[in-house]
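Coordinates in review
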Protein chains: 4
Amino acid sequence: MDVRLGANRYGKAECRVVRVVRDAGTHHLHDLTVSVALAGDLAATHLHGDNAAVLPTDSQKNTVYAFAADGIGEIEQYGLRLAHHFVDTQASIVWARVSIMEHPWQRLGPHSFQRTGTGTRVAVVTVAGRHAWVVSGVSDLVLLNTTDSAFVGFVRDPYTTLPEAEDRILATAVTARWRHAQPSSPDWAAAHVATRDLLVRSFVDTYSWALQQTLFAMGQRVLEHRPELVEVRLSLPNRHHVAVDLAPFGRDNANEVFRAEDRPYGLIQGVVHRDGVPPADEAWEDPWSF
Amino acid sequence: MDVRLGANRYGKAECRVVRVVRDAGTHHLHDLTVSVALAGDLAATHLHGDNAAVLPTDSQKNTVYAFAADGIGEIEQYGLRLAHHFVDTQASIVWARVSIMEHPWQRLGPHSFQRTGTGTRVAVVTVAGRHAWVVSGVSDLVLLNTTDSAFVGFVRDPYTTLPEAEDRILATAVTARWRHAQPSSPDWAAAHVATRDLLVRSFVDTYSWALQQTLFAMGQRVLEHRPELVEVRLSLPNRHHVAVDLAPFGRDNANEVFRAEDRPYGLIQGVVHRDGVPPADEAWEDPWSF
Amino acid sequence: MDVRLGANRYGKAECRVVRVVRDAGTHHLHDLTVSVALAGDLAATHLHGDNAAVLPTDSQKNTVYAFAADGIGEIEQYGLRLAHHFVDTQASIVWARVSIMEHPWQRLGPHSFQRTGTGTRVAVVTVAGRHAWVVSGVSDLVLLNTTDSAFVGFVRDPYTTLPEAEDRILATAVTARWRHAQPSSPDWAAAHVATRDLLVRSFVDTYSWALQQTLFAMGQRVLEHRPELVEVRLSLPNRHHVAVDLAPFGRDNANEVFRAEDRPYGLIQGVVHRDGVPPADEAWEDPWSF
Amino acid sequence: MDVRLGANRYGKAECRVVRVVRDAGTHHLHDLTVSVALAGDLAATHLHGDNAAVLPTDSQKNTVYAFAADGIGEIEQYGLRLAHHFVDTQASIVWARVSIMEHPWQRLGPHSFQRTGTGTRVAVVTVAGRHAWVVSGVSDLVLLNTTDSAFVGFVRDPYTTLPEAEDRILATAVTARWRHAQPSSPDWAAAHVATRDLLVRSFVDTYSWALQQTLFAMGQRVLEHRPELVEVRLSLPNRHHVAVDLAPFGRDNANEVFRAEDRPYGLIQGVVHRDGVPPADEAWEDPWSF
């Protein structure tokens, strides 16, 4: 028979972990969704149902909760501890990836919090044998400029009816990932805030002739200011806002009334990297898998 | 034939309206989802497909956009203008309800914004003949206390296994609606901020022996401080957080590590109203339809 | 103080129950989502946090699972057993509503199944003191006719730009609820299949001059053929399909190429009832709360 | 400056296309969601906002609709026509990927249809210069066995508390992709039905000692019977069903009453390929991006 098992991995996805730190009267909160994926010598379970090398996904979940008891620290640190643990303690496992989303809350009082929706912090930690790397990022960061965006001078083929736009709304939901040169940082939290702020300020400051231009500007700004990073990946949906034709109703529309559209949407994806750094190394098998 | 047409209504749901105000260099943004429902003498279309009294839902949508050109003001005002318009101009229509969600954005610069997820402002305006009333509210306002919540002294029937909890996480996603005595206000925006803040502060301040107690405290606080309101309705899911048993892994869990559960969830719903005000008048046919 | 507690209720929502019957080699499957809401003398918990009359929602969940062990039967029966139980055994509880969704599966073998998406069967059972009533229904039943639908002769106001449509696609996702005269049936399952088939056949057979006409035809057909029913409620979104203008690309579009739109959508809601039956009794406080 | 543009692509995502064929009295329906991604020499727009090489995503959408007028055929064919078109007609574009979901409908009559939820047919067509390849697949195919599944003999580390399961429910939502050796087929539709049936029958027939074993069995079965295919990729969430402990309520639970859990869930992913076929060629940069 000429059928073979190729690449494979398994794990527990979307463990919901809430960790409270009770620092005298003031409480602190981590609200996380943690996913684990493991790979290694797992042919026996696929070919014969022999689970002698299989750490149950239930045990992975237990590990996620048990390690939370030791403290989260920053999510990159928590991910590193977990990923190293699985590779170090399981003979069959040579590769572990821990993906963590941190859901944002605002403080309302010493032990009270309100959820916010201003972007989810992300960490994706991978340990492969003796090598480890860390990707940080943000998802669902929704940004909008009401002006300083144009789209002109594009190709006009027989299927092109779009008029040029000298002044349009530019809106997107940023998914960004940035790779650290080393799996360590003097201050993961401060680095996250600074990098995110660079992305946001770049979106705000850039006069955009295309969302592609904004994408590159965002990645460039980050790499220019954050020497610890080697690569930024961005996926930017173009959330179209169409000026409504109000002439039939005797009203002008001086770019004031828009219909926000759900689908279809443009989707711009790209990698910005430091010269000499392979843009698609083992950290991301696929640049498009966010 | 003994079959009759009963209550009925129709309209256009979920029009996505984005309105920009270009105030010199500083832009302002309203991001709305608007739904219209109309009722009246509409038997002919149901019984015979005779549409002579039917204003198309497409025209309702056009009206939503055309009126946006005149300015939104506050969503209660925009809803009142729209609802009165349909009843005043359509001979067949005696009842109109306009429901508006306002999606929140934070300012990043003179013409730049970032979406937030800290609750959606809502207005539901109803015009019935010469009568009009306004309900304001908030949805998806997610709050959490890490302590000052207990649940003890409850009924123990043969199906009860729940231990008493002296100290638990209390988390909910507030859906609140409050009815104004009059369909007018000196300042809808300030009233919204103040009412919302009363709800939030009451959640924060209340030592909760049951989510029901928190619910009543929230409604009571609002009515005590906002004389223009006559009724508050609250729907509060109890988002359970379960302390994980870490003893098998040799670790204590002093109420520090929790599993956040999706389903099932408790659901507490109630009305708090001013004495002498009918708690379920025509403003809401059903107290539970949020 | 002039603030009062009004209507209130509480319960456990969305318990996911899967019940297997092992009938020799052939297995049978019920896949349910069950929600419970209870009301009665619950002022003490709201006003003082005194839970002496509060059956925990956790106990309600346990009851849902324990009663499943006795067999589901049909979901109307299971709902009746549960709702009566809460009212009969809890001194403080005078009203119970049990809402059940049954997720559909197709048989693939003696113990193998495949999920289908052709509509979810629903039962909503209410017990209020000595009175009980049963509503059955279906949700997410998506139907489409490619012809035999027109929309002409409607009101043209200053905001109307819609052209008349002599031949259009008619598509909707049916949410239907039907109320039984008695809380009993010789065969709930057969009645469900027959009623659902009447709705579907009526949608298929009706030449539609308006979705309102289709709505009434669907309700009328059901009541004419199902004497055990007294009322049908329907909520029908109009899922717009817009013929795309292909003239700029040198192609005709003889009603063949359509863009399916997400939002906004028309929404048609109505009640069809037997003459002499109050159209909005205690079974549904609000005809629009599906 | 040491910052570089790496891999990038752009396009229009989620165009909703409904195509009706009016074959005398009998109508046929294609209901598609089509996404386009293009790559090539697009540095100028990223670096300078020069769009001279950018075909607007709006034109891509128009092309999707215009080509639909010529007939869909099977989605693999429609995808090939579109992908070749973009590469052949756009000087700057060297790579095009067209991803199509076909939403399933059942026939109710000559021009009437009902949506089903029994899996979405998928095609992903890629054209890179002169090379083209086709991946077909299915998403959201939900399968469940009530028996013939066990999980025993696994690793027990200090975080393992899971008991061995001799007889458990096995449930999953199959996402499968299979790659064709050639971008052509005598009958795409028949091949799709046959391949899907092989996946389903394999799930049904396999006595499963691990979901991994089921995964390999599914891929193996397909490759053994479909010589035109070279590779199958599967992503199988393990939708846990936990037998509820009913002992506190005086009831046995002989594997009859289960709680269906939402999160977390196991996630098993793997590739099964024909010997000598590279398991991760350019058809999928990442085996895990479904």
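What counts and what doesn't
- Residues numbered from 1 in each chain as written.
- Chains lettered and ligands numbered in written order.
- Predicted model: local features only at pLDDT ≥ 70, side-chain atom pairs only at ≥ 80, totals over all residues.
- Heavy atoms only, no water.
- Helix = DSSP H or I, 4+ residues; strand = E, 2+ residues; numbered from the N terminus.
- Buried < 20%, exposed > 50% of the residue type's maximum accessible area, 1.4 Å probe, protein only.
- Contact = heavy atoms within 4.5 Å.
- Areas by Shrake-Rupley, 256 points an atom, 1.4 Å probe, with all protein chains shown as cover.
- Lys, Arg positive; Asp, Glu negative; His and termini not counted.
- Charge placed at Lys NZ, Arg CZ, Asp CG, Glu CD.
- Least-squares fit on C-alpha atoms with pLDDT ≥ 70 in both.
- Buried area = accessible area lost by both parts, 1.4 Å probe.
- Salt bridge = Lys/Arg side-chain N within 4 Å of Asp/Glu carboxyl O.
- Polar contact = N/O pair within 3.5 Å; in protein donor to acceptor, adjacent residues only side chain to side chain.
- Nonpolar A, V, L, I, M, F, W, Y, C, P; charged D, E, K, R; others polar.
- Expected span 1.5 Å × (residues − 1).
- pLDDT = per-residue confidence, 0-100.
- Axes fitted to C-alpha atoms, helices over the stretch in contact; angles between N-to-C directions.
- Parallel < 35°, antiparallel > 145°, perpendicular 65-115°, else oblique.
- Left-handed = near helix turned anticlockwise from the far one by under 90°.
- Phe/Tyr/Trp six-rings, centres within 6.5 Å; stacked < 30°, edge-to-face > 60°.
- Pairing = 2+ DSSP bridges.

Points about the overall build of chain A
- Per the secondary structure count, chain A includes five helices and 13 strands.
- A principal-axis box enclosing the C-alpha atoms of chain A has dimensions of 75 × 65 × 40 Å.
- Within the span of chain A, comprising 290 residues, buried residues form 64% of the whole.
- A separation threshold of at least 6 residues defines the contact pool for chain A, and within that pool the share at least 24 residues apart is 64%.
- Accessible surface, chain A: about 10,000 Å² in total, of which carbon and sulfur atoms supply 51%.
- Each charge sign in chain A was given a centre, from 27 positive and 34 negative side chains, and these centres are 5 Å apart.

Overview of the relation of the copies chain D and chain B
- The operation relating chain D to chain B is a screw motion whose rotation component is 180 degrees, with 0.0 Å of axial translation and a residual RMSD of 0.0 Å. As the rotation angle and translation indicate, the two copies are arranged about a two-fold axis. Taking C-alpha positions as the reference, the residue of chain D nearest the rotation axis is D262 of chain D, at 3.6 Å.
- Mapped onto chain B, 100% of the interface residues of chain D again fall at the interface, so both copies present the same surface.

Quick look at the interface of chain C and chain B
- With 76 residues of chain C at the interface, the matching set in chain B holds 76 residues.
- Of the roughly 6,600 Å² buried between chain C and chain B on both sides combined, carbon and sulfur atoms contribute 56%.
- At the surface where chain C touches chain B, the tally comes to six salt bridges.
- Run the count over chain C and chain B and you get 36 residue pairs in polar contact (both at pLDDT 80 or more).

Things to note about the side chain of E76 of chain B
Residue and element names in this part refer to chain B.
- Checked against the element boundaries, E76 lands in helix α3 (residues 75-89).
- The exposure class of E76 is buried, given its relative accessible area of 0%.
- Apart from the residues lying within four places of it in its own chain, the contact partners of E76 are R121, A123, V125, V134, S136 and W188.

Describing the interface of chain D and chain B
- In this assembly, eight residues from chain D lie in contact with eight residues from chain B.
- Carbon and sulfur atoms supply 50% of the area buried between chain D and chain B, which totals about 750 Å² over both sides.
- It is Y159, F249 and D262 of chain D in chain D that bury the most area against chain B; as a group they hold 56% of the surface buried on that side.
- R263 of chain B serves as the salt-bridge partner of D262 of chain D, at 2.9 Å between the closest nitrogen and oxygen.
- Linking chain D with chain B are four residue pairs in polar contact (both at pLDDT 80 or more).
- Looking at the side of chain D that touches chain B residue by residue, the class counts come to four nonpolar, one polar and three charged.

Things to note about helix α5 (residues 211-225) of chain A
- The terminal C-alpha atoms of α5 of chain A lie 22 Å apart, and with 15 residues this matches the ideal 21 Å at 1.5 Å per residue to within 8%.
- Within α5 of chain A, eleven of the 15 residues are buried, which leaves the element mostly enclosed by the surrounding structure.
- All of the buried residues along α5 of chain A are L211, Q212, Q213, T214, L215, F216, A217, M218, G219, V222 and L223 of chain A.
- Close packing links the buried residues of α5 of chain A with β9 (170-180), α4 (188-205), β10 (229-238) and β13 (265-274) of chain A together with β1 (3-13) and α1 (43-48) of chain D.

Remarks on the pattern of salt bridges
- Summed over all chains, the structure comprises 68 salt bridges over all chains.
- A salt bridge links D2 of chain A to R274 of chain D; the shortest N-O distance between them is 3.6 Å. With D2 of chain A in the segment before β1 (3-13) and R274 of chain D in strand β13 (residues 265-274), this residue pair bridges two chains.
- On the accessibility criterion, D2 of chain A (30% relative accessible area) is partly exposed.

Overview of the confidence of the model for chain A
All names here are of chain A.
- A residue-level look at chain A finds 95% of positions with pLDDT of 70 or above and a mean pLDDT of 94.
- Confidence drops under a pLDDT of 50 for residues 280-284, and excluding neighbours within four residues, the segment shows 16 contacts in the predicted structure.
- For this predicted complex, the interface confidence score (ipTM) comes to 0.95, while the overall pTM stands at 0.96.

Here's the deal with the packing of α4 of chain A against α5 of chain A
All names here are of chain A.
- Two elements in contact, α4 and α5, have axes whose closest approach is 9 Å; the angle formed by their N-to-C orientations is 140 degrees. Taken together, α4 and α5 sit at an angle that is classed as oblique. The chirality of how α4 crosses α5 is right-handed. The residues of α5 that touch α4, namely those facing T195, L198, L199, R201, S202, F203 and D205, are T214, A217, M218, R221, V222 and H225.
- Within the contact of α4 with α5, the residues separate by chemical class into six nonpolar, four polar and three charged.

Describing the relation of the copies chain C and chain B
- When chain C is brought onto chain B, the operation consists of a screw motion whose angular component is 180 degrees and whose axial shift is 0.0 Å, with 0.0 Å RMSD remaining.
- Mapped onto chain B, 100% of the interface residues of chain C again fall at the interface, so both copies present the same surface.

Topic: the packing of aromatic side chains
- Counted according to the given criterion, the structure contains 16 aromatic pairs over all chains.
- With a centroid separation of 5.9 Å and 65 degrees between ring planes, the pair formed by F67 of chain A and Y159 of chain D is classed as edge-to-face. Here Y159 of chain D lies in the loop between β8 (131-145) and β9 (170-180) and F67 of chain A lies in helix α2 (residues 57-69), a pairing that spans two chains.
- F67 of chain A sits in the buried class, given a relative accessible area of 9%.

Notes on helix α2 (residues 57-69) of chain D
Residue and element names in this part refer to chain D.
- Taking 1.5 Å per residue as the helical rise, α2 with its 13 residues ought to reach 18 Å, and the 19 Å between its terminal C-alpha atoms agrees with that figure.
- The element α2 is largely enclosed, with a buried count of 13 among its 13 residues.
- Phi turns positive one or two residues past the end of α2, at G71, with a value near 105 degrees.

Let's talk about the pairing of strand β7 (residues 120-128) of chain D
All names here are of chain D.
- Burial of β7 is extensive: eight of the nine residues sit out of reach of the surface.
- By the bridge criterion, eight bridges tie strand β4 (residues 93-102) to β7 in an arrangement that is antiparallel. For W95, the partnering residue across the bridge sits in β7 and is A128.
- Across nine bridges, the pairing between β7 and β8 is antiparallel. Opposite R121, over in β8, you have V138 as the bridge partner.
- Linking two consecutive strands that pair antiparallel, namely β7 and β8, is a turn of two residues; a positive phi of about 60 degrees is found at G129 within it.

Here's the deal with the environment of W209 of chain C
- Inspection of the secondary structure puts W209 of chain C in the loop between α4 (188-205) and α5 (211-225).
- Distance in space between the C-alpha atoms of W209 of chain C and L267 of chain C is 16 Å, their sequence separation being 58 residues.
- Contact partners of W209 of chain C, with chain neighbours within four places excluded, come to G49 and N51 of chain B together with A150, F151 and V152 of chain C.

Looking at the environment of V242 of chain C
All names here are of chain C.
- If you trace the backbone, V242 turns up in strand β11 (residues 241-243).
- Sequence separation between V242 and V257 is 15 residues, and the spatial gap between their C-alpha atoms is 8.3 Å.
- Discounting chain neighbours no more than four positions away, the residues touching V242 are V257, F258, R259 and E261.

Quick look at unusual backbone geometry
- The linkage connecting R263 of chain B with the following residue, P264 of chain B, adopts the cis geometry, with an omega of -10 degrees.
- For P264 of chain B, the location among the structural elements is in the loop between β12 (257-260) and β13 (265-274).
- Despite not being glycine, E14 of chain A has its phi angle at roughly 65 degrees, a positive value.
- By relative accessible area, E14 of chain A is classed as partly exposed at 23%.
- One non-glycine residue, D140 of chain D, adopts positive backbone phi at about 60 degrees.

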